[in-house]
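These are the residues of each chain, in order.
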Amino acid sequence: MSTKRYAVCGLSNRGLAAFVHPLMGLTGGRADGVLGYGGVSDDLSGSAQVVALVDSDPRRLDGFNAQLRAAGAAELPRYSSDAFDRMIDEAAPDAVIVTSPDSTHEAYIVAALARGVEVITEKPMVSSAAAARSVLAAERDSAAGVRVTHNLRYARTHREIKRMILGGAIGAVTRVTLDYHVDVRHGASYFTRWNRQRAHGGLAVHKCCHHFDLVTWLVGREPVEIFGYGALNYYGPRSPHRPRVPAGPGGGGADASAGPPTADPYLPGLRATGVVTDGGGQARTGLFGLPYAEQYPADRPMYIYDDAIDIEDTYSAVVAYAGGASLGYSIDFSSTWEGYRLGISGTHGSIEMLHGRGLDGEPLPGSDTIALAPLFGERSTVHVDAPSGEHAGADPEMRRDLFVGQSAESRELGLAASSLEGAWAVALGEGLWRSCVEHRPFTVAELLG
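K.L.:
Looking at this model, I keep getting lost on the packing of helix H1 (residues 13-24) against helix H2 (residues 58-70). Mind explaining?
P.N.:
Between two packed helices, both the angle of their axes relative to each other and the distance between the axes serve to describe the pair. Closest axis-to-axis distance for the H1/H2 pair is 14 Å, and the angle between their directions is 35°. In this structure, H1 meets H2 at a crossing whose hand is right-handed. Here Asn 13, Leu 16, Val 20, His 21 and Met 24 of H1 come into contact with H2, specifically with Arg 60, Phe 64 and Leu 68. Residue classes in the contact of H1 with H2 are distributed as five nonpolar, two polar and one charged.

Shown next as structure tokens:
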């Protein structure tokens, strides 16, 4: 089997865990169930070759090559983000994998398409509807294409539900409800990172777009319009949990005159997940020990009560689909559990599912059991054994689809996400936060032109 050549743009935690390590056969990576990174078990080095690394931070590039040397492996050619064209000339990749922060995706994707190079990009495809328009236009003018790694489609439970829908188990889909919860540790971690600012897309795009894509794929219809409400309830300077004394990294902006000193209730969880440490004034490191000195400088700490936070942490929305189906969606980023309840109603029945775990990591009772209730028949249940880590086993399935070959099941269920589907998800994410701000519905057509 011939191997394809890949350049990876962005040495993020996600880029390393989901792509670089498996493609290089560096198995046995760190497991971190709380943040969704499972132990890396795939060895795809027989069908893929990483030929170049691109990142804006030279220290991360140097650090990764040092790890390769220590493991007895050859270093990889490294390039700064402004040397992308030179990288294409010198490394000659067949495709680029974009795993940098959301707001940088557009530049890499458009540059690759202009050179006729295929693109695999992390979700969200880009951070704004305007950037999505730019990508779609560039793809129309290119011989190359874009694939978006919307991995939620690949979870076993979701594949089973899609088969039920395609098989006519509930007739035509009429209504979907998705109630999503991000627990206090995972949710708080976003507000110590770039995700907390609208300029980078915010969580309505970064996180909610995954859920919008999942539902759009299950419904099998184009999204038309979104209307939503949202607020910043848990984090930021007006948080009800903000301590009255300086607490931990970033200080917390305490008001000592507001009453007796209080502790930060989020801090133990952030420490437990390694997002923050007690070593004040130190630059951050990622899951694999690489420095984040450029992205998170030690002299500009980020914490969950900062004034700079300008996004929402709670959303409720309604989405209309072509053909008349609708979605009722909600999410909060400071919950007592992690997961979601999914309900799908159709003309001939309904499907319900719970996927969740408590703060102790244990699955909630009934988790990953799919209930099928015909409109005029007996209710039945199907339990799906969902693997732990790597997004409930979705990532290995997606990687094999991307780097080994698309399976018959993938073609049957339409698992691979296109650039247009990636653009729909981004448009719904932006439409959500814009609706919160402007108090009006937004159509996908007006956002994507």
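K.L.:
I keep staring at the side chain of Thr 121 and nothing clicks. Help me out?
P.N.:
Here Thr 121 shows up in strand S5 (residues 118-122). Filtering out sequence-adjacent residues up to four positions away, Thr 121 remains in contact with Val 98, His 105, Ile 109, Val 146, Arg 147, Val 148 and Thr 149.

K.L.:
Please explain the packing of aromatic side chains as it appears in this structure.
P.N.:
To describe a pair of aromatic rings, one takes the distance between the centres and the angle between the planes. Taken as a whole and assessed by the stated rule, the structure comprises 12 aromatic pairs. For the pair Tyr 292 and Tyr 296, a centre-to-centre distance of 5.5 Å together with 75° between the ring planes defines the contact as edge-to-face. Tyr 296 shares its class with Tyr 292; the two are buried. Site record: aromatic cluster; members linked through ring pairs are Phe 191, Tyr 234, Tyr 235 and Tyr 266. The ring of Tyr 292 carries the charged tip of Arg 60 above its face, separated from the ring centre by 3.8 Å. The residue whose ring lies beneath Arg 440 is Phe 442, and the NZ or CZ to ring-centre distance is 3.8 Å.

K.L.:
Is there a simple way to think about the pattern of salt bridges in this case?
P.N.:
A side chain with one charge can pair with a side chain of the opposite charge if their charged atoms come near. Enumeration over the complete set of coordinates arrives at 25 salt bridges. A salt bridge links Glu 438 to Arg 434; the shortest N-O distance between them is 3.8 Å. Of this pair, Glu 438 and Arg 434 both sit in helix H13 (residues 419-438), four residues apart, which is roughly one turn of that helix. Accessibility expressed as a relative area gives 38% for Glu 438, which makes it partly exposed. Beyond isolated ion pairs, a larger network of salt bridges with shared partners links Glu 430, Arg 434, Glu 438, Arg 440 and Glu 446.

K.L.:
Any chance you could explain the pairing of strand S10 (residues 326-335) here in plain terms?
P.N.:
Strand residues, when the strand is regular, have side chains that alternate between the two faces of the sheet. Extensive coverage of S10 is indicated by the burial of seven of its 10 residues. Sheet topology places strand S9 (residues 314-321) next to S10; seven bridges connect them, and they run antiparallel. Residue Val 318 lies in a different strand from S10, and its bridge partner there is Gly 328. What sits between S9 and S10 in their antiparallel hairpin is a turn of four residues, with Gly 323 showing a positive phi close to 95°.

K.L.:
Help me understand the environment of Arg 163 in this model?
P.N.:
By the element assignment, Arg 163 lies in helix H6 (residues 156-166). On a C-alpha basis, the gap between Arg 163 and Glu 412 in space is 8.9 Å, while along the polypeptide they are 249 residues apart. Non-local contacts of Arg 163, meaning those with residues more than four positions away in its chain, are made with Glu 409, Glu 412 and Leu 413.

K.L.:
Teacher, can you tell me more about the nonpolar core here?
P.N.:
A general feature of soluble globular proteins is that nonpolar side chains tend to end up buried together. Among the nonpolar cores identified, the biggest contains 124 residues, and Met 87, Val 96 and Ile 344 are the most heavily contacted of them. Counting residues per element, this core draws most heavily on H13, which supplies eight residues. Not counting the four nearest positions on each side in its chain, Met 87 is found in contact with Ala 7, Ala 52, Val 54, Tyr 79, Ala 92, Pro 93 and Val 96.

K.L.:
I'm lost on empty space enclosed by the protein in this one. Help?
P.N.:
Empty space among the atoms becomes apparent when a probe as large as a water molecule is rolled across them. Scanning all chains against the criterion turns up one cavity of 30 Å³ or more. Around the largest cavity, the lining residues are Arg 147, Val 148, Thr 149, Tyr 154, Met 398, Leu 402, Leu 415, Ala 416 and Ala 417. Going through the elements one at a time, strand S6 (146-149) and helix H11 (394-403) are the ones with two or more residues in the lining of the largest cavity. Residue contributions to the lining of the largest cavity peak at three residues, all from S6. Classifying every residue of the lining of the largest cavity by side-chain character gives seven nonpolar, one polar and one charged.

About the criteria used
- Residues numbered from 1 in each chain as written.
- Predicted model: local features only at pLDDT ≥ 70, side-chain atom pairs only at ≥ 80, totals over all residues.
- Heavy atoms only, no water.
- Axes fitted to C-alpha atoms, helices over the stretch in contact; angles between N-to-C directions.
- Helix = DSSP H or I, 4+ residues; strand = E, 2+ residues; numbered from the N terminus.
- Left-handed = near helix turned anticlockwise from the far one by under 90°.
- Contact = heavy atoms within 4.5 Å.
- Nonpolar A, V, L, I, M, F, W, Y, C, P; charged D, E, K, R; others polar.
- Phe/Tyr/Trp six-rings, centres within 6.5 Å; stacked < 30°, edge-to-face > 60°.
- Buried < 20%, exposed > 50% of the residue type's maximum accessible area, 1.4 Å probe, protein only.
- Lys NZ or Arg CZ within 6 Å of the ring centre and 35° of its normal.
- Salt bridge = Lys/Arg side-chain N within 4 Å of Asp/Glu carboxyl O.
- Pairing = 2+ DSSP bridges.
- Core = buried A, V, L, I, M, F, W, Y, C linked by side-chain atoms within 4.5 Å.
- 1 Å grid on protein atoms, 1.4 Å probe; cavity = no way out; pocket = protein on both sides within 12 Å on 5 of 7 lines; lining within 4 Å.
- Points joined across faces, edges and corners; volume = space filled by probe spheres on them.

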